[in-house]
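What follows is each chain in one-letter form.
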Amino acid sequence: MAGSGTAQLRDAEDIVLRIENLVVEYPIGRGRVVHAVSDVSFDVREGETLGIVGESGCGKSTTARAVIQLPPPNEGSVSYRGRELTTLKAEEMRRLRPALQIIFQDPVSSLNPRRKIRSIVSEPLRVWGDKQRTAGRRSPDNVDRLLESVGLDPDATGERRPSELSGGQCQRVSIARALMLDPDVIVCDEPVSALDVSVQAQILNLLEDMKERYGLTLLFISHDLSVVRNISDRVLVMYLGKVCEMGNGDAVFEKPAHPYTRALLAAIPDPAPCVDVSEADLKGELPSPIDPPAGCRFHTRCPQAQERCRVEEPAVRPIGDDHYIACHFPILKE
């Protein structure tokens, strides 16, 4: 398949997550299937932030949720610190949940509207009790200190409900809730897309601060490359459920080689772009994931497409130091 292969996987002892040949499909009746994620592979080192980007519908959020088994993928391997998650029984997976947390896209709807903020943040402790490393955070005073660490005044917000807070404040509550059980990995599912630009910067800075303070590993999902560039160590670009380009953030942003990556960069408003992507031009609509195109899935919109792209599926291959691409005719420039 286009964008298949495991060339981009690294052999290192500090790999926290290793995903191989991930497939997520949803049957919709009459023998039809939505091919949401098709043969995606990547890994994440300890303390690293992997940014996953692409248009709406490319499968980035589905990929991240499948990693933490919400729901489990149809095929493929998901390894967390050497432990295979896809074969775990429900109770075994439940015991690992505190280590794998998620911050949802909509900060307001992800919080219980009936509960007060202090109750929402401390709820994981009531669920897990002594089962997790929460001894230092069990008291109300320590819950308040966690609220303070994410930029909230416990006295002003602790007894309020989500509807009484702004979107940015609700996202800070979501971050505090995710941190409550001392997680190892946090999936950030477009955590700033619903926020004003000024608040986005505050939340991004908060995530960076929390990452350093608690030693977190992050999967950061976004359709905004400018946001991803500011926060990510490595970047994975997806299109219609497939890997297009992946690698070190500097390599992907400064020397984009896939036509799709270049088109995404061209869409960023920048009065002084560091990369010339003037030739990037996408035409047509995103194909349906129910019936994806043969060959390279991007060929129906690609300005570089040739006959080979319509019949042969490119595999992921290296084109530089920690820089990988799935394209027959990459745009390689010095």
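Computed from a predicted structure; not experimentally measured. (Residues numbered from 1 in each chain as written. Predicted model: local features only at pLDDT ≥ 70, side-chain atom pairs only at ≥ 80, totals over all residues. Heavy atoms only, no water.)

Draft legend 1. Structural detail: the packing of aromatic side chains. All told, the structure shown has three aromatic pairs when counted by the stated rule. A connected cluster of aromatic rings, assembled from ring pairs, spans Y239, Y260 and F298. (Phe/Tyr/Trp six-rings, centres within 6.5 Å; stacked < 30°, edge-to-face > 60°.)

Draft legend 2. Representation of the confidence of the model for the protein chain in the model. Of the residues in the protein chain, 91% reach a pLDDT of 70 or more, and the chain-wide mean stands at 88. Here residues 131-138 is modelled with pLDDT under 50, and outside its nearest four sequence neighbours on either side it reaches 21 contacts, counting other chains as well. (pLDDT = per-residue confidence, 0-100. Contact = heavy atoms within 4.5 Å.)

Draft legend 3. Local environment of empty space enclosed by the protein. Inspection of every chain in the model, using the stated rule, returns three cavities of 30 Å³ or more. Along its surface, the largest cavity is lined by 13 residues, and C296, C302, C309, C327 and H328 are the ones closest to its centre. (1 Å grid on protein atoms, 1.4 Å probe; cavity = no way out; pocket = protein on both sides within 12 Å on 5 of 7 lines; lining within 4 Å. Points joined across faces, edges and corners; volume = space filled by probe spheres on them.)

Draft legend 4. The arrangement of the pairing of strand β6 (residues 100-103) in detail. The alternating pattern of β6 places L100 and I102 on one face and Q101 and I103 on the opposite face, and all of these are buried. Where β6 and strand β7 (residues 185-189) come together, four bridges link them in parallel fashion. Within the sheet, the bridge partner assigned to Q101 lies in β7 and is I186. (Buried < 20%, exposed > 50% of the residue type's maximum accessible area, 1.4 Å probe, protein only. Helix = DSSP H or I, 4+ residues; strand = E, 2+ residues; numbered from the N terminus. Pairing = 2+ DSSP bridges.)

Draft legend 5. Inspection of unusual backbone geometry at higher detail. Omega for the bond connecting L70 with P71 falls within 30 degrees of zero, at -5 degrees, which places this linkage in the cis form. In this fold, P71 is placed in the loop between α1 (60-67) and β4 (75-80). The phi dihedral of D39 is positive, around 60 degrees, even though this residue is not glycine. Its location among the elements puts D39 in strand β2 (residues 32-45). The backbone phi angle of Q69 is positive, close to 65 degrees, even though this residue is not glycine. Looking at where Q69 falls in the secondary structure, it is placed in the loop between α1 and β4.

Draft legend 6. Region of the structure containing the environment of S61. Counting through the fold element by element, S61 comes out in helix α1. Sequence separation between S61 and G247 is 186 residues; the distance between their C-alpha atoms is 19 Å. Of the polar contacts made by the side chain of S61, one reaches the side chain of D189; its length is 2.6 Å. (Polar contact = N/O pair within 3.5 Å; in protein donor to acceptor, adjacent residues only side chain to side chain.)

Draft legend 7. Region of the structure containing the pattern of salt bridges. Scanning the model with the defined rule gives 21 salt bridges in all. Between D14 and R45 there is a salt bridge whose closest N-O contact spans 3.6 Å. A residue pair is termed long-range when its members are at least 10 positions apart, and D14 in the segment before β1 (15-29) and R45 in strand β2 qualify at 31 residues. For R45, a relative accessible area of 31% corresponds to the partly exposed category. The structure contains a network of salt bridges with shared partners spanning R10, D43, E48, R234 and D322. (Salt bridge = Lys/Arg side-chain N within 4 Å of Asp/Glu carboxyl O.)

Draft legend 8. Structural view of the pairing of β4. As paired elements, β1 and β4 share five bridges and run antiparallel to each other. By the bridge assignment, E20 is partnered in β4 with S77. Note that β4 and strand β5 (residues 83-84) share two bridges and pair antiparallel. What sits directly across from Y80, in β5, is R83. Connecting β4 to the antiparallel partner β5 that follows it, the hairpin turn spans two residues, and R81 within it adopts a positive phi of roughly 50 degrees.

Draft legend 9. Highlighting the sheet that holds β4. In spatial order, the strands read β2-β1-β4-β5; together these four strands make up an open sheet with antiparallel pairing. Because the sheet does not close on itself, it has two edges, and the strands there are β2 and β5. Strands in contact with α1 are β1, β2 and β4; relative to β1, the strand with the most contacts, it is inclined by about 115 degrees. (Axes fitted to C-alpha atoms, helices over the stretch in contact; angles between N-to-C directions.)

Draft legend 10. Helix α7 (residues 197-214), seen in detail. An ideal rise of 1.5 Å per residue puts 26 Å on 18 residues; α7 measures up with 26 Å between its terminal C-alpha atoms. Buried residues of α7: V199, Q200, I203, L204, L206, L207, M210 and K211, and no others. One side of α7 holds all its buried residues, which, seen down the axis, span an arc of 160 degrees. What points out from α7, more than 90 degrees from its buried face, is the exposed set S198, N205 and E212. Count one or two residues on from α7 and you reach G215, which has phi positive near 65 degrees. (Expected span 1.5 Å × (residues − 1). Arc of directions from axis to C-beta.)

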